[in-house]
2 protein chains.
Amino acid sequence: MPPGPPHEEKHFAQNEVVRDLVIGAADGLTVPFALAAGLAGAAVANPLIVTAGLAEIAAACIAMGLGGYLAARSEADHYASERRREEEETVEYEDRERWEVAAILHRYGVRGDALRLAVDSICADKRRWVDFMMRFELDLKEPEPQRARRSAVTAGAAYVAGGLVPLAPYMLMPGTGGALAVSGLLTACALTGFGWLKARATGLPPLRGAVNALAVGALAGAAAYLGARLIAG
Amino acid sequence: MPPGPPHEEKHFAQNEVVRDLVIGAADGLTVPFALAAGLAGAAVANPLIVTAGLAEIAAACIAMGLGGYLAARSEADHYASERRREEEETVEYEDRERWEVAAILHRYGVRGDALRLAVDSICADKRRWVDFMMRFELDLKEPEPQRARRSAVTAGAAYVAGGLVPLAPYMLMPGTGGALAVSGLLTACALTGFGWLKARATGLPPLRGAVNALAVGALAGAAAYLGARLIAG
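Residues numbered from 1 in each chain as written. Chains lettered and ligands numbered in written order. Predicted model: local features only at pLDDT ≥ 70, side-chain atom pairs only at ≥ 80, totals over all residues. Heavy atoms only, no water.

### Here's the deal with the overall build of chain A
Okay, step 1: Regarding its fold elements, chain A presents eight helices and zero strands.
Okay, step 2: Mapped in sequence order, the helices and strands of chain A form the string α-α-α-α-α-α-α-α.
Okay, step 3: Over its C-alpha atoms chain A spans a radius of gyration of 25 Å, topping by over 25% the 17 Å that the globule rule assigns to 233 residues.
Okay, step 4: Overall, the C-alpha framework of chain A stretches about 80 × 40 × 30 Å when taken along its three principal axes.
Okay, step 5: Burial status across chain A gives 46% buried among its 233 residues.
Okay, step 6: Excluding contacts between residues fewer than 6 apart, the proportion of contacts in chain A whose partners are at least 24 apart in sequence is 74%.
Okay, step 7: Roughly 10,500 Å² of accessible area belongs to chain A as shown, and the carbon and sulfur atoms make up 62% of that amount.
Okay, step 8: Of note, chain A has its 23 positive side-chain charges centred 6 Å away from the centre of its 26 negative side-chain charges. (Helix = DSSP H or I, 4+ residues; strand = E, 2+ residues; numbered from the N terminus. Rg over C-alpha atoms; globule rule 2.2 N^0.38 Å. Buried < 20%, exposed > 50% of the residue type's maximum accessible area, 1.4 Å probe, protein only. Contact = heavy atoms within 4.5 Å. Areas by Shrake-Rupley, 256 points an atom, 1.4 Å probe, with all protein chains shown as cover. Lys, Arg positive; Asp, Glu negative; His and termini not counted. Charge placed at Lys NZ, Arg CZ, Asp CG, Glu CD.)

### Some remarks on the interface of chain B and chain A
Okay, step 1: Contact with chain B, which involves 79 residues of that partner, is made by 79 residues of chain A.
Okay, step 2: Taken together, the two surfaces of chain B and chain A that pack against each other cover about 6,900 Å², and 68% of this comes from carbon and sulfur.
Okay, step 3: Taken together, chain B and chain A are joined by six salt bridges.
Okay, step 4: Between Asp 77 of chain B and Arg 208 of chain A there is a salt bridge, with its nearest N and O atoms 2.7 Å apart.
Okay, step 5: Here chain B is connected to chain A by eight residue pairs in polar contact (both at pLDDT 80 or more).
Okay, step 6: If you list the elements that add at least two residues to the side of chain B that touches chain A, you get helix H1 (16-41), helix H2 (46-92), helix H3 (94-107), helix H4 (112-124), helix H5 (126-137) and helix H8 (206-232) of chain B. (Buried area = accessible area lost by both parts, 1.4 Å probe. Salt bridge = Lys/Arg side-chain N within 4 Å of Asp/Glu carboxyl O. Polar contact = N/O pair within 3.5 Å; in protein donor to acceptor, adjacent residues only side chain to side chain.)

### Looking at the relation of the copies chain B and chain A
Superposition of the two copies of the chain requires a rotation about an axis and a shift along the axis.
Okay, step 1: You can overlay chain B on chain A at an RMSD of 0.0 Å; the transform is a turn of 180° with a shift of 0.0 Å along its axis. In the structure described here, the two chain copies are related by an operation that fits a two-fold rotation axis. Looking at the rotation axis and the C-alpha trace of chain B, the residue lying nearest is Ala 114 of chain B, at 2.9 Å.
Okay, step 2: Counting the interface residues of chain B, we find that 100% of their copies in chain A are interface residues as well, pointing to one common contact surface. (Least-squares fit on C-alpha atoms with pLDDT ≥ 70 in both.)

### As for the UniProt feature "transmembrane region" (unreviewed entry) in chain A
Residue and element names in this part refer to chain A.
Okay, step 1: Mapped onto the present numbering, the UniProt feature "transmembrane region" (unreviewed entry) falls on residues 21-42, 48-72, 151-172, 178-197 and 209-232.
Okay, step 2: Taken as a whole, residues 21-42 contains 95% helix and 0% strand, while its terminal C-alpha atoms sit 32 Å from one another.
Okay, step 3: Across residues 178-197, helical content stands at 100% and strand content at 0%; the span's end C-alpha atoms are separated by 29 Å. (UniProt positions renumbered as here; feature names shortened; annotations may be inferred.)

### Side note on the packing of aromatic side chains
Okay, step 1: Taken as a whole and judged by the stated rule, the model has seven aromatic pairs over all chains.
Okay, step 2: Judged by centre distance (5.4 Å) and plane angle (85°), the ring pair of Tyr 108 of chain A and Phe 132 of chain B falls under edge-to-face. A residue pair is termed interchain when its members come from two chains, as with Tyr 108 of chain A in the loop between helix H3 (94-107) and helix H4 (112-124) and Phe 132 of chain B in helix H5.
Okay, step 3: On the basis of an interplanar angle of 85° and a centroid distance of 4.7 Å, the ring pair of Phe 132 of chain B and Phe 136 of chain B is categorised as edge-to-face. Of this pair, Phe 132 of chain B and Phe 136 of chain B both sit in helix H5, four residues apart, roughly one helical turn.
Okay, step 4: For Phe 132 of chain B, a relative accessible area of 1% gives the class buried. (Phe/Tyr/Trp six-rings, centres within 6.5 Å; stacked < 30°, edge-to-face > 60°.)

### A few points about unusual backbone geometry
Okay, step 1: Here the phi dihedral of Asp 139 of chain A falls at roughly 60°; this positive angle occurs in a residue that is not glycine.
Okay, step 2: Turning to its location among the elements, Asp 139 of chain A is positioned in the loop between helix H5 (126-137) and helix H6 (145-172).
Okay, step 3: Given the relative accessible area of 27%, Asp 139 of chain A is considered partly exposed.
Okay, step 4: The phi dihedral of Ala 43 of chain B falls on the positive side, at around 60°, and the residue is not glycine.
Okay, step 5: Along the chain, Ala 43 of chain B falls in the loop between H1 and H2.

### A few points about the pattern of salt bridges
Okay, step 1: Summed over all chains, the structure comprises 24 salt bridges over all chains.
Okay, step 2: Across the pair Asp 139 of chain A and Arg 135 of chain B runs a salt bridge, and its minimum N-O distance is 3.3 Å. Separated into two different chains, Asp 139 of chain A in the loop between H5 and H6 and Arg 135 of chain B in helix H5 make up a pair that spans both.
Okay, step 3: Arg 135 of chain B sits in the buried class, given a relative accessible area of 13%.
Okay, step 4: Through salt bridges with shared partners, a single network forms among Glu 16, Glu 144 and Arg 147 of chain A.

### Description of the environment of Pro 143 of chain A
Residue and element names in this part refer to chain A.
Okay, step 1: Among the secondary structure elements, Pro 143 is positioned in the loop between H5 and H6.
Okay, step 2: C-alpha separation for the pair Pro 143 and Ala 76, spaced 67 residues apart in sequence, amounts to 5.6 Å.
Okay, step 3: When neighbours within four sequence positions are excluded, Pro 143 is seen to be in contact with Glu 75, Ala 76 and Tyr 79.

### Quick word on H3 of chain A
Since one α-helical turn is 3.6 residues long, residues separated by three or four positions face the same way.
Okay, step 1: Under the 1.5 Å per step criterion, the end-to-end length of H3 of chain A is 20 Å for 14 residues, consistent within 8% with the ideal 20 Å.
Okay, step 2: Listing the buried residues of H3 of chain A in full gives Arg 96, Glu 97, Glu 100, Val 101, Ala 102, Ile 104 and Leu 105 of chain A.
Okay, step 3: Buried residues along H3 of chain A sit against helix H2 (46-92), H4 and H5 of chain A together with H3 of chain B.
Okay, step 4: Immediately downstream of H3 of chain A, the backbone of Gly 109 of chain A shows phi near 95°, a positive value. (Expected span 1.5 Å × (residues − 1).)

Below you can see the structure in the form of structure tokens.
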């Protein structure tokens with residue numbers, strides 16, 4: 001292998017569990033914070049705000065965790081059925097599928113003899129041929145359902161932890177106004193940190209991740225607060 | 001082009017706006033339904049359930065719509081910076097990058113002369129070479145930020161429409177128990193329909209999509225209801 005650039009880590013090779021935890025916690029901050037702010041705006045008492053917040057957290061955690069868990073199996077089955085169809089097509093429509101391999105390579109400048117030889121090599125082995133079509137024609141990657149399930153459950157559980165941050169002040173403080181202020185501060189700090197980490201975990205610029213998370217949280221909180229105030233009169 | 005199979009639509013070529021609307025509405029059903037059910041379980045009066053539900057809808061719609069809107073630009077920038085880096089590497093580490101092209105094709109059975117010729121053709125044009133690396137080494141597709149933004153905003157707006165379905169009975173009926181029952185029925189019907197449509201829109205088996213959506217909605221509602229009842233004593 002010829003020497004490459006020193007920054008070898010093109011893909012962010014972070015621990016996967018940490019990654020799922022960060023994403024779940026970051027997602028768990030905004031809506032519970034904004035919901036609680038909205039109810040505080042409608043002058044609801046703290047115990048009821050906590051009840052509503054916990055109900056939201058339970059619901060969203062299940063929607064995220066169980067939803068992702070179930071989706072993982074659907075996706076694995078979908079991949080398997082597309083693969084079967086592609087396998088049949090390489091038998092029934094051999095010329096067409098060879099032509100499709102050629103069309104994909106042609107797009108990247110492979111022409112003439114080089115193209116003919118490359119298509120022949122790829123189509124010489126049925127398994128590799130179908131691999132190539134799945135990846136480059138259908139743009140489907142072989143799913144890892146167990147990992148996808150674990151990932152959904154981890155992120156769902158982390159949503160709970162994230163959601164408890166903005167609710168904690170309403171649990172521990174007597175007044176609604178004070179709890180709202182502390183909840184806003186705590187959530188702003190947590191959104192900055194987790195927005196940063198989530199961006200790193202998904203390979204995007206961390207500073208912008210933090211700013212975006214803060215902006216979304218602030219706007220969601222303000223909309224819920226003002227909306228609920230308006231409704232409650 | 002040689003003749004292919006008659007079912008030409010491998011990728012579900014639905015109208016994109018319809019697709020985003022379906023996904024947003026499907027996502028908007030579960031959490032507002034479960035939150036309202038939780039508050040009904042805690043014997044909260046309907047007007048307050050509606051306030052909490054609308055606050056949740058506003059917050060989640062912003063988190064989804066604005067969050068997706070902002071993420072679209074980050075992703076476009078990320079793609080551009082990875083592309084620049086890849087372009088530099090084809091100059092500074094030419095041998096290594098050629099080797100990487102060869103390694104990818106080798107995986108699909110291209111060997112010997114065929115491999116040498118194919119690598120030469122791809123690397124003859126810097127633009128195509130980088131295209132190839134972006135797609136097949138880094139697995140990054142050229143983002144369409146405008147489409148991604150429109151898509152996020154559409155799904156966020158549809159979340160509102162979806163969320164209003166489970167809340168409507170609490171707006172229109174006086175009693176909490178009756179509203180909960182009607183909300184459960186309406187949401188179950190809507191989850192079945194939108195779970196089906198969302199699965200179709202994302203290329204998964206529709207029947208399982210409907211069943212999964214119903215299961216997640218029922219479990220989220222039950223967890224929120226029982227949890228809130230427990231807390232409220």
